[in-house]
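These are the residues of each chain, in order.
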Amino acid sequence: MKKLSLFPFLTLTVFGMSSCASGTDDRASLEYEKYRLPNGLEVVLHQDTSDPVVSVAIQYHVGSNREKPGKTGFAHFFEHMLFQRSENLPRNAFFQKIDALGGTFNGGTSNDGTVYFETVPRDALEKVLWMESDRMGYFINTVTEGGLKREIDVVSNEKRQGENVPYGLAWDLTFKNLFPQGHPYSWTVIGEIPDLRSATVDDVKEFYDKYYTTSNATLVVAGDFDKAEAKKLIEKYFGEIPDRGKPEAPQVQNVTLDSTKKISYEDVFCNAPMLLLAYPGVETYNEDGYALDFLTNLLAGDKKSPLYKVLVEERKLAPEVEMFSYQLEVAGLVVFDAKTFPGVKLDDVQAAFDEALARFEKEGIDPKDLERYKNQEETRTYNRLTSTNGKAISMARDNVFGGAPDRSLRELDKYREVTVDDVMRVYEKYVKGRPFLSVSIYPEGQSALAVTGSVPAQVEQESIDDQRIVEIYIGFPLPEEGKEAYELALAGKNSLEASRQLNTAIEKGAAREISTSRLKLTATFADGSMQTKTYRIAPVPDFDERYEAYSDARAAFQSIEPPSSDASQQEIDDYLGKMPQMPKLYTIEEVDEE
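Residues numbered from 1 in each chain as written. Predicted model: local features only at pLDDT ≥ 70, side-chain atom pairs only at ≥ 80, totals over all residues. Heavy atoms only, no water.

This part is about the overall build of the protein chain. The helix and strand tally for the protein chain stands at 19 helices and 19 strands. Each of the 594 residues in the protein chain was classed as buried or not, and the buried ones make up 53%. Long-range contacts, defined here as pairs at least 24 residues apart, represent 79% of the contacts in the protein chain between residues at least 6 apart. Carbon and sulfur atoms provide 48% of the accessible area of the protein chain, an area that totals close to 27,000 Å². (Helix = DSSP H or I, 4+ residues; strand = E, 2+ residues; numbered from the N terminus. Buried < 20%, exposed > 50% of the residue type's maximum accessible area, 1.4 Å probe, protein only. Contact = heavy atoms within 4.5 Å. Areas by Shrake-Rupley, 256 points an atom, 1.4 Å probe, with all protein chains shown as cover.)

Below, the structure is given as structure tokens:
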């Protein structure tokens, strides 16, 4: 069942698990301890001494489905912001500290939740818990209007980069047209950029205070650690965070269609059409969901499936087909899609789809095929639990959405119980003769390939004039020793950041050569268009004094021996605290290009 699985884990050996035998039965299990702090934070501890590492995952029960029309994109936006800084971690310190520890980290936002996770050497557990607690409890006061706007520009560019690729809007078109306006899934996870641009600091603080609270999250520690010591550390760092109350859980809102809906979209990035069909489905943990998973497997899961045989082998309309049941917290959908060969009419694909369903009804289900897919589902579940990181993420998600850290393993019994009759029953209930959404995507100028009767979809994209720069390169003559420093991408048209890059060139011997130069910035936008701006670079009035101070500060800092890889948190903090503030040496002023 497609249950909020954001990150695949595809290795093949199961570690840190035990099996519970009962007669001929053999079940894998996860051993864990679960408890709740007085402030409502649920904690799960799972010990696995296979490797000397420890993984931490925090799952917040907040995704885009918690947002409101006109204020979308906040959950994904916070995924970005929470990596930037908190009250006791300066900007980018989270990245630097995890890297210094030799660890890995990431995060992700879905329709239903947000997760952050790290894996570090086992002796670094305290440092990670301290950093995670700092951004859970002491982040929001660091949000400023400037920081808000800067990160919105980053999200805006990310959105365009995702859209401006072949079929980049397929999923957006599906959600916005299958789910009615105002439904929690009728907007994208990344949100609408106008909503973010109109957001105020008070808006984001209100969202944070409501959903990023201890009683709306689960903390999992998995790996090689001392349980008693871990409990002390968790109480020390998380116990002091006040609970702001637990928000009400979202309610199931499955949808129905009164009639089939057909839309089309001209995609200037693709060179071949695509057909996507979406049927209303069911939410996560719905009893019909297990059989729906197997139904989509049996229809399109391999070369024996009827959809593959008809569309790929016999009619040669597409190189591959795909069908799956996507089950989310409050609703679901059953999706078929085929990216065809160039020039294929999507009416032919629809006819082939109908023919494959008729063949499925006529030939029925081979019980051996159903059993094979049951085995595959079990294998996929175990594969997600092969590492401490995989287990931490899975257990945090299962606890938040399923009420138990080992819910995924318990779900296997539901899959084992599915019969051929169950699969045919959900086919009749959700697919056969049921209304669906048809999405035809075709290359530029080839609207004749769309399914007959399709209505052009309304798509709103942010104007390129509103976009900030994605990449900026410097293009003016430099002495050879200074080119490397200047040929760096700058983060937006920010004069302070540009000045910092210019300061870097001092180390390359180019400081004095540029005092009368012009800086030409060529910006490449996400859609491939380019713009050029020219800036005058001028040294500050007290350049000589600042340059001397800069050189002295740089030399002093470089003389300090960096901490070792096993340094304590205090040693790392002391080292970073000695980093001087480098003075700004140049001003940058935009001028008309000559």
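Text resumes after the structure shown.
Burial of strand 8 (residues 114-121) is extensive: seven of the eight residues sit out of reach of the surface. Examined bridge by bridge, strand 6 (residues 53-60) and strand 8 share eight bridges and lie antiparallel to one another. For Val-53, the partnering residue across the bridge sits in strand 8 and is Pro-121. Here strand 7 (residues 104-109) pairs with strand 8 via six bridges, running antiparallel. Counted as the bridge partner of Phe-105 is Glu-118 from strand 8. (Pairing = 2+ DSSP bridges.)

So, about the sheet that holds strand 9 (residues 217-223). One open sheet holds the six strands; their spatial order is 4-5-9-6-8-7, and the pairing between them is mixed. If you trace the sheet from one side to the other, it starts and ends with strand 4 (33-36) and strand 7, each paired once. Shown here is a sheet whose adjacent strand axes are inclined to one another by a mean of 15 degrees, direction ignored. Bridge count for strand 4 against strand 5 (residues 42-47) is four bridges, and the pairing is antiparallel. The partner of Arg-36 across the bridge, within strand 5, is Glu-42. Seen against the sheet, helix 13 (residues 388-402) touches strand 4, strand 5, strand 6, strand 8 and strand 9 and runs at an angle of roughly 25 degrees to strand 6. (Axes fitted to C-alpha atoms, helices over the stretch in contact; angles between N-to-C directions.)

All right, on to the confidence of the model for the protein chain then. Per-residue confidence for the protein chain gives a mean pLDDT of 81; residues scoring 70 or more make up 75%. The model gives residues 467-517 a pLDDT under 50, and that stretch makes 109 contacts with residues more than four places away or in other chains. A low-confidence stretch, residues 522-530 (pLDDT under 50), is modelled with 29 contacts involving residues beyond four sequence positions or located in other chains. (pLDDT = per-residue confidence, 0-100.)

One can find Val-439 in strand 14 (residues 437-443). On the basis of relative accessible area, Val-439 is assigned to the buried category, the value being 1%. For the pair Val-439 and Ala-457, spaced 18 residues apart in sequence, the C-alpha to C-alpha distance is 8.9 Å. Not counting residues within four places of it along the chain, the set of residues in contact with Val-439 comprises Leu-173, Thr-174, Ile-263, Met-274, Leu-275 and Leu-276.

A side chain of one charge can pair with a side chain of the opposite charge if their charged atoms are brought near each other. Taken as a whole, this structure holds 31 salt bridges when the rule is applied. Between Arg-410 and Asp-406 there is a salt bridge, with its nearest N and O atoms 3.0 Å apart. Asp-413 is the partner of Arg-416 in a salt bridge, and the nearest nitrogen-oxygen pair spans 2.7 Å. Here the residue Arg-416 and the residue Asp-413 both occupy positions in helix 14 (residues 407-416), the gap between them amounting to three residues, near one helical turn. Accessibility expressed as a relative area gives 26% for Arg-416, which makes it partly exposed. (Salt bridge = Lys/Arg side-chain N within 4 Å of Asp/Glu carboxyl O.)

Another aspect to go through is unusual backbone geometry. Phi is positive for Tyr-167, close to 65 degrees, though the residue is something other than glycine. Within the fold, Tyr-167 resides in the loop between helix 4 (145-163) and helix 5 (170-178). Even without a glycine there, the phi angle at Tyr-285 is positive, about 70 degrees. Inspection of the secondary structure assignment puts Tyr-285 in the loop between strand 11 (274-280) and helix 9 (289-300).

Take the packing of aromatic side chains next. Using the criterion set out here, one finds 25 aromatic pairs in the structure. Ring geometry for Phe-78 against Phe-139: centres 6.0 Å apart, planes inclined by 75 degrees, an arrangement best described as edge-to-face. Here Phe-78 is found in helix 1 (residues 74-81), whereas its partner Phe-139 is found in the loop between helix 3 (125-137) and helix 4, with 61 residues between them in sequence. We classify Phe-139 as buried; its relative accessible area is 1%. (Phe/Tyr/Trp six-rings, centres within 6.5 Å; stacked < 30°, edge-to-face > 60°.)

Attention now goes to helix 8 (residues 227-238). Between the first and last C-alpha of helix 8 there are 16 Å, a value that for 12 residues agrees with the 16 Å anticipated at 1.5 Å per step. For helix 8, every residue scored as buried is listed here: Ala-230, Leu-233, Ile-234, Tyr-237 and Phe-238. For helix 8, the angular spread of buried residues about the axis comes to 100 degrees, placing them on one side. Next to the buried residues of helix 8 lie strand 4, strand 5, strand 6, helix 3 and strand 9. Where helix 8 starts, the residue carrying a side-chain oxygen 3.3 Å from the main-chain nitrogen of Ala-228 turns out to be Asp-226. (Expected span 1.5 Å × (residues − 1). Arc of directions from axis to C-beta. Polar contact = N/O pair within 3.5 Å; in protein donor to acceptor, adjacent residues only side chain to side chain.)

Turning to the nonpolar core, a few remarks are in order. Grouped together as the largest cluster of nonpolar side chains are 56 residues, with contacts concentrated most on Phe-78, Leu-129, Tyr-212, Leu-219, Val-221, Ile-234 and Phe-238. Considering each element in turn, this core owes the most residues, six residues, to helix 3. Excluding its chain neighbours within four sequence positions, the residues that come into contact with Tyr-212 are Tyr-60, Val-62, Ala-75, Phe-78, Leu-82, Thr-114, Met-136, Phe-207 and Arg-244. Leu-307, Tyr-427, Tyr-430 and Phe-436 belong to the second largest nonpolar core, which has 47 residues in total. (Core = buried A, V, L, I, M, F, W, Y, C linked by side-chain atoms within 4.5 Å.)

It is at 9 Å that the axes of helix 9 and helix 14 come closest, and there the two elements cross at 70 degrees. Comparing their axes, helix 14 and helix 9 come out roughly perpendicular. Between helix 9 and helix 14 lies a crossing whose hand is right-handed. Of the residues in helix 14, those in contact with Tyr-290, Asp-293 and Phe-294 of helix 9 are Glu-411, Lys-414 and Tyr-415. A class-by-class count of the residues in the contact of helix 9 with helix 14 yields three nonpolar, no polar and three charged. (Parallel < 35°, antiparallel > 145°, perpendicular 65-115°, else oblique. Left-handed = near helix turned anticlockwise from the far one by under 90°. Nonpolar A, V, L, I, M, F, W, Y, C, P; charged D, E, K, R; others polar.)

This paragraph deals with the side chain of Asp-172. With respect to the helices and strands, the residue Asp-172 is situated in helix 5. No salt bridge is formed by the buried Asp-172; the nearest opposite charge belongs to Lys-159, separated by 4.6 Å. Dropping the residues within four chain positions of it, Asp-172 is found in contact with Glu-163 and Thr-188. (Lys, Arg positive; Asp, Glu negative; His and termini not counted.)

Counting buried residues in strand 6 gives seven out of eight residues, a clear majority hidden from the surface. Pairing of strand 6 with strand 9, which is carried by seven bridges, proceeds in the antiparallel orientation. Across the sheet, Ile-58 pairs through a bridge with Leu-219, a residue of strand 9.

On to helix 14. Among the residues of helix 14, Ser-408, Leu-409, Glu-411, Leu-412 and Tyr-415 are the ones counted as buried. End-on view of helix 14: buried residues confined to an arc of 150 degrees, all on one side of the axis.

Here we take up the packing of helix 1 against helix 4. Across the interface, helix 1 lies against helix 4 with an axial gap of 10 Å and an inter-helix angle of 110 degrees. When the interaxial angle is binned, helix 1 and helix 4 end up roughly perpendicular. For the crossing formed where helix 1 meets helix 4, the hand is right-handed. The segment helix 1 lies against helix 4, with His-76, Phe-77, His-80 and Met-81 engaging Gly-147, Leu-148, Glu-151, Ile-152, Val-154, Val-155 and Glu-158. Its residues assigned to classes, the contact of helix 1 with helix 4 comprises six nonpolar, three polar and two charged.

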